[in-house]
Amino acid sequence: MPNAVLEHINAHADELFAEGAEAEKIGKLTDRTVEILLEGGVMRMLQPAEYGGLEYRPRQFAETVMRLASLDPAAGWVLGVCGVHPWQLAYNDKRVRDEVWGEDSSIWMASPYMPGGLLTPLGEGTYRFSGTWQFSSGTDHCRWAFLGAMLANPDGSMAQPPQMVHVIVPREDYEIIEDSWDVVGLRGTGSKDLVIEGAVVPDYRTMTWEDVSEGTGQDRSGRTETLYRVPWSAMFPMGITAATIGICEGLLRLAQDYQAERIDANGVVVKDDPYTMYEFGELMADLRAARAELLANADFFWDVTESGRKATFAERAQGRATQVRAAWRAVEAANAIYARCGGNALRMDKPMQRFWRDAQAGVHHAIHSPNTVFHAATLSSLGAEPDGPLRKLI
């Protein structure tokens, strides 16, 4: 399937790049950026066809996120996060799908999944929902949200064993805290705090963590399309990793433009310096490898799912390790590239510094924490069955 969304982004490349600088100033995506993305249907890439979606393959989604992030890191990040939400909503209860997409299938959905809320049963299929969440990327432009919570007992005490849930809520149920996003990187994402106080939520707008992580929600939905059977751990983290790699690719492009005409402090034309050329060649290869690893990983889980087989936990863990390593490999390469651009690259009127700061923010996301992921992947490869925290985000 041709990637018309990617073609649309390429057609607006210069404008998106310029809007990225403005987004950093105002602390959220610009209205013009959102308009361009809406025109191109970027948030429809993983959305079901019956709700106006495009049902692109994960690889195409990752390629598009990388390209957008290389032009405007904040826009690429918001697509990498929010663009996966239609995929998860696709295997939710039809009632909530109709509520979200029934009147306007172009709407955007925010998050985060961190369990910042408490979901307390009220009886008759409803819950009381309250909490506070940080890092809601793109939230100013979204009209619904997936929010993480912990399940409570009717008396308000924590349910045992602890049970994490995802809750789907409309914009009128939560407050956006306007002055809550003052950060050093990814400023343009507008990843502000959200607050909910006592919203009433029907049970069909909830999913357990097992519904998501183990695919039981997919099984229950009855969906047969390959796209909606791919494991969550292969899909949601992929968007964030793709954005991080894309930001690094954008920094490389800017560094290449800068170095092409640069004369260093010793009066040497950089293109005539064999040491710098060698180092850049090695670092560019690392960036290409990070991209290739992520795309090959997406293809692997697509092929496994299309064959009718469910990916094992060991495969999921190894897939997550690949994602994490690809992100860090890209950022490590970008750091070294930036360090070889000289002192003038530090100036605030040079866009390289913004891409460099945004790349650092990319590996601060919990998705890119290597500790438990690498531990679980290694144990799985040795035939062990990780449990508890080692199964987190896998």
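Residues numbered from 1 in each chain as written. Predicted model: local features only at pLDDT ≥ 70, side-chain atom pairs only at ≥ 80, totals over all residues. Heavy atoms only, no water.

1. Some remarks on the side chain of Arg357
Thinking step 1. On the secondary structure map, Arg357 appears in helix α13 (residues 352–362).
Thinking step 2. Not counting chain neighbours up to four residues away, the residues in contact with Arg357 comprise Glu24, Val184, Gly185, Arg187 and Met348. (Helix = DSSP H or I, 4+ residues; strand = E, 2+ residues; numbered from the N terminus. Contact = heavy atoms within 4.5 Å.)

2. A look at the packing of helix α4 (residues 58–71) against helix α5 (residues 73–82)
Thinking step 1. At a minimum axis separation of 5 Å, α4 and α5 run at an interaxial angle of 155°. Classified by the angle their axes make, α4 and α5 are roughly antiparallel. From α4, Phe61, Thr64, Val65, Leu68, Ala69 and Leu71 reach across to α5, where they touch Pro73, Ala75, Gly76, Leu79 and Gly80.
Thinking step 2. Of the residues that constitute the contact of α4 with α5, the class distribution is eight nonpolar, three polar and no charged. (Axes fitted to C-alpha atoms, helices over the stretch in contact; angles between N-to-C directions. Parallel < 35°, antiparallel > 145°, perpendicular 65-115°, else oblique. Nonpolar A, V, L, I, M, F, W, Y, C, P; charged D, E, K, R; others polar.)

3. Describing the environment of Pro170
Thinking step 1. Considering the arrangement of structural elements, one finds Pro170 in strand β5 (residues 164–170).
Thinking step 2. Residue Pro170 is classed as buried on the basis of its relative accessible area, which comes to 6%.
Thinking step 3. Remark: the alpha-carbon pair of Pro170 and Met109, spanning 61 residues in sequence, is separated by 9.1 Å.
Thinking step 4. In this structure Pro170 touches Arg143, Trp144 and Arg205, once residues within four positions along its chain are discounted. (Buried < 20%, exposed > 50% of the residue type's maximum accessible area, 1.4 Å probe, protein only.)

4. Considering the side chain of Gln259
Thinking step 1. Secondary-structure assignment places Gln259 in helix α10 (residues 232–259).
Thinking step 2. Residue classification places Gln259 among the buried positions, given a relative accessible area of 5%.
Thinking step 3. Not counting residues up to four positions away in its chain, the partners in contact with Gln259 are Val270, Lys271, Phe280, Arg340 and Cys341.

5. What about the packing of helix α12 (residues 313–339) against helix α14 (residues 370–381)?
Thinking step 1. Put simply, α12 and α14 touch, their axes get as near as 8 Å, and they point 140° apart. If you check the angle between α12 and α14, you find them oblique. The crossing of α12 and α14 is left-handed. Together, Phe313, Ala314, Ala317, Gln318, Arg320, Ala321, Val324, Arg325 and Trp328 of α12 and Pro370, Val373, Phe374, Ala376, Ala377, Ser380 and Ser381 of α14 make up the contact between the two elements.
Thinking step 2. Here the contact of α12 with α14 is composed, by residue class, of 11 nonpolar, three polar and two charged. (Left-handed = near helix turned anticlockwise from the far one by under 90°.)

6. So, the state of the cysteines
Thinking step 1. Scanning all chains against the criterion turns up zero disulfides.
Thinking step 2. Between Cys82, a cysteine without a disulfide, and Cys142, which holds the nearest cysteine sulfur, the sulfur-to-sulfur distance is 4.2 Å.
Thinking step 3. Cys248 carries a free sulfur, and the closest cysteine sulfur to it, the one in Cys341, is 13 Å from it.
Thinking step 4. Cys248 sits in the buried class, given a relative accessible area of 0%. (Disulfide = S-S within 2.5 Å.)

7. A look at the packing of aromatic side chains
Thinking step 1. Tallied over the full model, the rule gives 12 aromatic pairs.
Thinking step 2. Geometrically, the ring pair formed by Tyr51 and Trp101 is tilted, given 5.0 Å between the ring centres and 40° between the ring planes. Of the two residues, Tyr51 is situated in the loop between α3 (31–40) and α4 and Trp101 in helix α7 (residues 94–101); the sequence distance between them amounts to 50 residues.
Thinking step 3. One aromatic cluster is present, built from ring pairs that chain together Tyr113, Phe146, Trp209, Trp232 and Phe236.
Thinking step 4. Across the ring face of Phe313, the terminal group of Arg391 is positioned such that the distance to the ring centre comes to 3.9 Å. (Phe/Tyr/Trp six-rings, centres within 6.5 Å; stacked < 30°, edge-to-face > 60°. Lys NZ or Arg CZ within 6 Å of the ring centre and 35° of its normal.)

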